[in-house]
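# Overview (structure and organization)
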Amino acid sequence: MAKLFLSLHVLAAILAIGPITVAASMFPRLARTAPTPETPALLHKICRSYAYVSAAVPVLGIATGAALGVLSDAWLVVSIVLTGVAAGVLVAVILPGQGELLEAGEGAVTVAGEERRAATRKLTMTTGVFNLLWTVVVVLMIVRPGSTTGA
């Protein structure tokens, strides 16, 4: 059962978190420079939609940890905490920040000039933090400090 949970966990991470990190990273620049307003709106929709799907990643991760008997290992606890922080950054900062840059229903950018540049800079930085959190989680999942596998 552990192999099944691990396989599903890795697939969910790749198929759900991957698109969010790419779309969220592209959004700030395209919110400033996209030739059409539909492009940033589509990226926001991708982030929002995949945020729901990405809930499967920690659920399957915890199921995998339980099946392997490693739920109390420090590397896993830290990974769970960082996953929670990344989810919080996405839900509390990135998605609302993207929404503020888009006009409801039409996808047109509503914030103009210096205000828009400041908002996109903040969003770029926050997205970088989000991506860094996921990078640390991936490294912890691979290296697993204290693991007896020799990896």
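Residues numbered from 1 in each chain as written. Predicted model: local features only at pLDDT ≥ 70, side-chain atom pairs only at ≥ 80, totals over all residues. Heavy atoms only, no water.

### Notes on the nonpolar core
For the record, the criterion: Working definition of a nonpolar core: buried Ala, Val, Leu, Ile, Met, Phe, Trp, Tyr and Cys residues. They are joined through side-chain atoms within 4.5 Å. Burial classes: relative accessible area under 20% of the type maximum marks a residue as buried, over 50% as exposed, and values in between as partly exposed (1.4 Å probe, protein chains only). Numbering goes from the N terminus for both helices and strands, where a helix is a DSSP run of H or I of at least four residues and a strand is a run of E of at least two. Throughout, a residue-residue contact means that at least one pair of heavy atoms, one from each residue, lies within 4.5 Å.
Counting residues in hydrophobic clusters, the biggest one holds 30 residues, and the most contacted among them are Phe27, Leu90, Ile94, Phe130 and Trp134. Elements supplying a minimum of two residues to this core: helix H1 (2-33), helix H2 (38-53), helix H3 (56-68), helix H4 (74-101) and helix H5 (113-143). Ranked by the residues each element gives to this core, the list is headed by H4, at 9 residues. When near neighbours in sequence (up to four residues on either side) are disregarded, isoleucine 94 contacts Ala24, Val89, Leu123, Thr126, Thr127 and Phe130.

### Overview of the side chain of serine 79
Relative to the helices and strands, serine 79 is located in helix H4. By relative accessible area, which is 2% here, serine 79 ends up buried. Here serine 79 is in contact with Val137, Leu140 and Met141, once residues within four sequence places are set aside.

### Notes on the UniProt feature "transmembrane region" (unreviewed entry) in the chain
Going by this rule: UniProt positions are given in the numbering used here, feature names are shortened, and annotations may be inferred rather than shown by experiment.
Within this structure's numbering, the places UniProt gives as "transmembrane region" (unreviewed entry) are residues 49-68, 75-95 and 123-143. Secondary structure over residues 49-68 splits into 90% helix and 0% strand, and the C-alpha atoms at its two ends are 31 Å apart. End C-alpha to end C-alpha, residues 123-143 measures 30 Å, and it is 100% helix and 0% strand.

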